[in-house]
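# Structural characterization, general
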Amino acid sequence: MRDHGGRRAAAGRRRPALLAAALVLALLLLAACSGGPPDDQAPPAELGWGFTHTQHSADAGEDRAVRRARTTLEGTGLPQVQHLMGWGSANPEPRPGTYDFAAMDRRIALAEETGATPVITLCCAPDWMKGGREGRTDWSAKSLERAPDPEHFADFARLAATTARRYPQVRHYLVWNEFKGFWNEAEGRWDHEGYTELYNQVRRALKEVDPALRVGGPYLVMDSFPPGRTEGASREVRGDWGALDRRTVDAFRYWNRHKDGADFVVVDGSSYTTDGALVPDAFAATAKFTDVGRWVREETGGLPLWWAEYYVEPGDADDQRAGWPEPRRRAVHAAGLAALARGGATTAFYWNPERTTTPCPGCLWRPTHLPDGGTPLPMLDLLARFQSEFGPGTRFTSVPGDATDGLTVLADDRAALLVNHRATARTVRVDGERVRLEAYEVRWLERG
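What you see is a predicted model; the values in this text were computed from it and never measured.

## A closer look at the UniProt feature "domain: Glycosyl hydrolases family 39 N-terminal catalytic" (unreviewed entry) in the protein
The UniProt entry lists residues 98-227 under the feature "domain: Glycosyl hydrolases family 39 N-terminal catalytic" (unreviewed entry), expressed in the numbering used here. Helix makes up 37% of residues 98-227 and strand 18%. Its end C-alpha atoms lie 51 Å apart.

In structure tokens:
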């Protein structure tokens, strides 16, 4: 009886094992046929709130300041973006098949060493892909912002794949930047057909390297006109802040309908209009982020929404934003972050305007080219706290209190963000408590 029973028990154990093996094989075959691993093995499509490296960052400068900046960034949890060419990176392929990733290596290493999720924006293109000479790099804006010629789209896609193989730790890619070079001069509109073709070729090349890579576009600027303008203005996407440029709406819809696929959708834009107007005012204008975000998510059927860049302070003739005192800049930016979140954004990147000297308005840390550089500045504290409190998956809730004008409130069950829009101090009631806010104060309250 024992032997007989033992054989039956062994056979019984073998059947589940065989079934389990068959199930694993079926899952692997399914993953292969679907072009990638099961979704729970893929990297997340939502990263939260981070920043983009620009020409100057914490990979260069005074040794002590560089170390201090790296320590400053550790533990913030902020994802970091680096462009493929420009904004701190060299020409990655000055001649066909000849690569220079040294500067890019430093930036990716910086992200890794500070515990960040690295992201790459696949822009811009080597000169030889856009009518220039091999081995020569023209860093003028006119040249840098030129798109690759259509006959070199495949070359750019191969460069993207080469980049992905070099940096297997990078799992997220943005395709191009602001439709740079994609303008149809003859018809006075975006060349959305050209961009979409480039996007599709790049996405396919990346997915061939690793089907689990996350790829998104179109990184289109959500330009808007002031209220009252009808010529060229969208009738669908509008608010007290104005209305989107209809050509932007058309370009976005073309990409959305003709893309081969996307793991997330990327846009960028400002709260102000094309002529630099903040309507009705700097704080209320941020409602544009909410309205545009909701429209984009509706158009794409709920794809995770990324803002690659977002601006709340108009730039000057040199695109520098230094006109506001830091408390006001921080307050309006906090209101802008809240508006992005209300619009459904789960990933957004602050364009960090680092430089080598002070003052450094809007910078995240004191410039590392200074002996005492590398220490955090107010904008970094705001971003890091926002990421900590309101990262991906946050369920926002209403907050009982006074219906007070001039106040931004964003909260979940654990914390509430309060922003005073006024240049004077005031007292408000939130969650049953009276809270005094100083001029342009950004205050965090614990809840629950």
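## Some remarks on the pattern of salt bridges
The tally for this structure, following the rule as stated, stands at 24 salt bridges. Across the salt bridge formed by Arg166 and Asp105, the nearest N and O atoms sit 2.8 Å from each other. Placement of Arg166 in helix H5 (residues 153-166) and of Asp105 in helix H3 (residues 102-113) is noted, with a sequence separation of 61 residues between them. One salt bridge connects Arg158 with Asp155, and the closest N-O pair in it is separated by 2.4 Å.

## What to know about the environment of Val249
As for its position among the elements, Val249 is in helix H7 (residues 246-258). Looking at Val249, the relative accessible area reads 2%, which means it is buried. Between the C-alpha atom of Val249 and that of Leu220, which follows or precedes it by 29 residues, the distance is 9.7 Å. If we ignore the near neighbours within four places in the chain, the residues touching Val249 are Ser234, Val237, Leu244 and Trp295.

## Section: the state of the cysteines
Per the counting criterion, the structure on display carries 2 disulfides. Paired by a disulfide, Cys123 and Cys124 hold their sulfur atoms 2.4 Å apart. On the sign convention where negative means left-handed, the S-S torsion of about 60° between Cys123 and Cys124 marks this disulfide as right-handed. For Cys123, a relative accessible area of 0% puts it in the buried group. One disulfide in the model links Cys360 with Cys363; its S-S distance is 1.7 Å. On the S-S bond that ties Cys360 to Cys363, the torsion sits near -60°, and the link is left-handed.

## A look at the sheet that holds strand S15 (residues 415-420)
Strand pairing in a sheet takes place through backbone hydrogen bonds and is either antiparallel or parallel in direction. Strand order in the open sheet formed by 3 strands is S14-S15-S18, with antiparallel pairing between adjacent strands. The sheet is open, and its two edges are formed by strand S14 (407-411) and strand S18 (442-446), each paired on a single side. In this sheet, adjacent strand axes meet at a mean angle of 15° when their direction is disregarded. Bridge count between S15 and S18: 5 bridges; the pairing is antiparallel. Residue pairing across strands places Ala415 opposite Glu446, the latter belonging to S18. Most of the contacts of helix H9 (residues 326-342) go to S14, to which it runs at about 50°, and overall it touches S14, S15 and S18. In the packing of helix H10 (residues 378-389) onto the sheet, contacts are made with S14, S15 and S18, and the angle to S18 comes to roughly 30°.

## A few points about empty space enclosed by the protein
Scanning the entire structure with this criterion turns up 1 cavity of 30 Å³ or more. Lining of the largest cavity is provided by His53, Gln80, Val81, Gln82, Arg107, Ile108, Ala111, Pro118 and Val119. Class assignment for the residues of the lining of the largest cavity results in 5 nonpolar, 3 polar and 1 charged.

## A few points about the sheet that holds strand S10 (residues 242-245)
Here 3 strands make up an open sheet; going across it, the order is S8-S10-S9 and the pairing antiparallel. Unpaired on one side and paired on the other, strand S8 (224-225) and strand S9 (233-239) mark the two borders of the sheet. For S9 and S10, the ladder comprises 3 bridges, and the chain directions are antiparallel. Of the residues in S10, the one forming a bridge with Gly239 is Gly242. Here H7 sits on the sheet in contact with S8, S9 and S10, set at roughly 50° to S10. Set on the sheet, helix H8 (residues 287-299) makes contact with S8, S9 and S10; between it and S9 the angle comes to about 120°.

Scoring rules and cut-offs
Residues numbered from 1 in each chain as written. Predicted model: local features only at pLDDT ≥ 70, side-chain atom pairs only at ≥ 80, totals over all residues. Heavy atoms only, no water. UniProt positions renumbered as here; feature names shortened; annotations may be inferred. Helix = DSSP H or I, 4+ residues; strand = E, 2+ residues; numbered from the N terminus. Salt bridge = Lys/Arg side-chain N within 4 Å of Asp/Glu carboxyl O. Buried < 20%, exposed > 50% of the residue type's maximum accessible area, 1.4 Å probe, protein only. Contact = heavy atoms within 4.5 Å. Disulfide = S-S within 2.5 Å. Pairing = 2+ DSSP bridges. Axes fitted to C-alpha atoms, helices over the stretch in contact; angles between N-to-C directions. 1 Å grid on protein atoms, 1.4 Å probe; cavity = no way out; pocket = protein on both sides within 12 Å on 5 of 7 lines; lining within 4 Å. Points joined across faces, edges and corners; volume = space filled by probe spheres on them. Nonpolar A, V, L, I, M, F, W, Y, C, P; charged D, E, K, R; others polar.

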